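Structural overview for review
Below, each chain spelled out in residue letters.
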Amino acid sequence: MSVFKKKLTLTSHGGTPTFINITAELRAAIEESGIAEGIATVISPHTTCGVFFEEFVHDVDETGTEFLQNDLNAVLEKIIPNQTCWNQYQYPGEEHYRAVESWPDAEAYLPNGDRTALWNCDAHLKATLIGSSETFEVADGKLAVGTTGYCYFVDFDRTRSRTRKCTIVVMGE
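These notes cover the structure that comes with them. (Residues numbered from 1 in each chain as written. Predicted model: local features only at pLDDT ≥ 70, side-chain atom pairs only at ≥ 80, totals over all residues. Heavy atoms only, no water.)

1. What about the packing of aromatic side chains?
- The full count for this structure, using the stated rule, is six aromatic pairs.
- Relative to phenylalanine 156, the ring of phenylalanine 19 has its centre 6.4 Å away and its plane inclined at 85°; by these criteria the two rings are edge-to-face. With phenylalanine 19 in strand 2 (residues 18–21) and phenylalanine 156 in the loop between strand 7 (149–155) and strand 8 (162–172), this residue pair connects regions lying 137 residues apart in the sequence. The pair phenylalanine 19 / phenylalanine 156 is uniform in exposure class, with both members buried.
- Between tryptophan 103 and tyrosine 109 the ring centres are 5.1 Å apart and the planes differ by 85°, which places this aromatic pair in the edge-to-face class.
- Site record: aromatic cluster; members linked through ring pairs are Phe19, Phe52, Tyr152 and Phe156. (Phe/Tyr/Trp six-rings, centres within 6.5 Å; stacked < 30°, edge-to-face > 60°. Helix = DSSP H or I, 4+ residues; strand = E, 2+ residues; numbered from the N terminus. Buried < 20%, exposed > 50% of the residue type's maximum accessible area, 1.4 Å probe, protein only.)

Encoded structure:
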């Protein structure tokens, strides 16, 4: 069995969840791997990000977000409202604030000591529901999905723009 890994670097925009279509990168990684039969898994290491499989939607809003992604976000907001105040959720608690404030790079997480930068409990919970990985069949050296099946990476954290990573692992023969 062969194993091939490819890392992707992605940028989220903050303000609203960032949905990124990574299907082309997934197809390219499978081709680059030389694996004809097996599986490809897309994995996010971030606790506010998810990976999911969905239909490609041709309709987009003024920000370029596909309609189905807007609908997904609206449904998730009904279940898990966006965090807008410190006591809306238990997280983040005082111990977490103190821990982050002690980090050598605390300024990156708490710009100017602004604790609202950690108001992202909703993002953690939404990512937990969606999941941090997705596995696909590789058949005849290609991504084995239907015509409209696409792979998306989503960063639910709205607090700021960030550089995100994910890994594509292709295994098989």
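This is not the end of the story, as more comes after the structure.
2. Quick word on the sheet that holds strand 7
- Pairing in this open sheet of three strands is antiparallel, and the strands run 2-7-4 from one edge to the other. A single partner strand is all that each edge strand has here, and the edge strands are strand 2 and strand 4 (49–55). Taking each pair of neighbouring strands and ignoring which way they run, the sheet shows an average axis angle of 30°.
- Here seven bridges tie strand 4 to strand 7, and the two strands are oriented antiparallel to one another. Of the residues in strand 7, the one forming a bridge with phenylalanine 53 is cysteine 151.
- Where helix 1 (residues 23–33) meets the sheet, its contacts fall on strand 2 and strand 7, and the angle it forms with strand 7 comes to roughly 115°. (Pairing = 2+ DSSP bridges. Axes fitted to C-alpha atoms, helices over the stretch in contact; angles between N-to-C directions. Contact = heavy atoms within 4.5 Å.)

3. Observations regarding helix 2 (residues 67–79)
- Here helix 2 is 13 residues long and its end C-alpha atoms lie 19 Å apart, about the 18 Å a rise of 1.5 Å per residue gives.
- Listed in full, the buried residues belonging to helix 2 are Gln69, Asn73 and Leu76. Axial view of helix 2: buried residues confined to an arc of 65°, hence all on one face.
- If you follow the buried residues of helix 2, they end up packed against strand 2, helix 5 (121–130) and strand 7. (Expected span 1.5 Å × (residues − 1). Arc of directions from axis to C-beta.)

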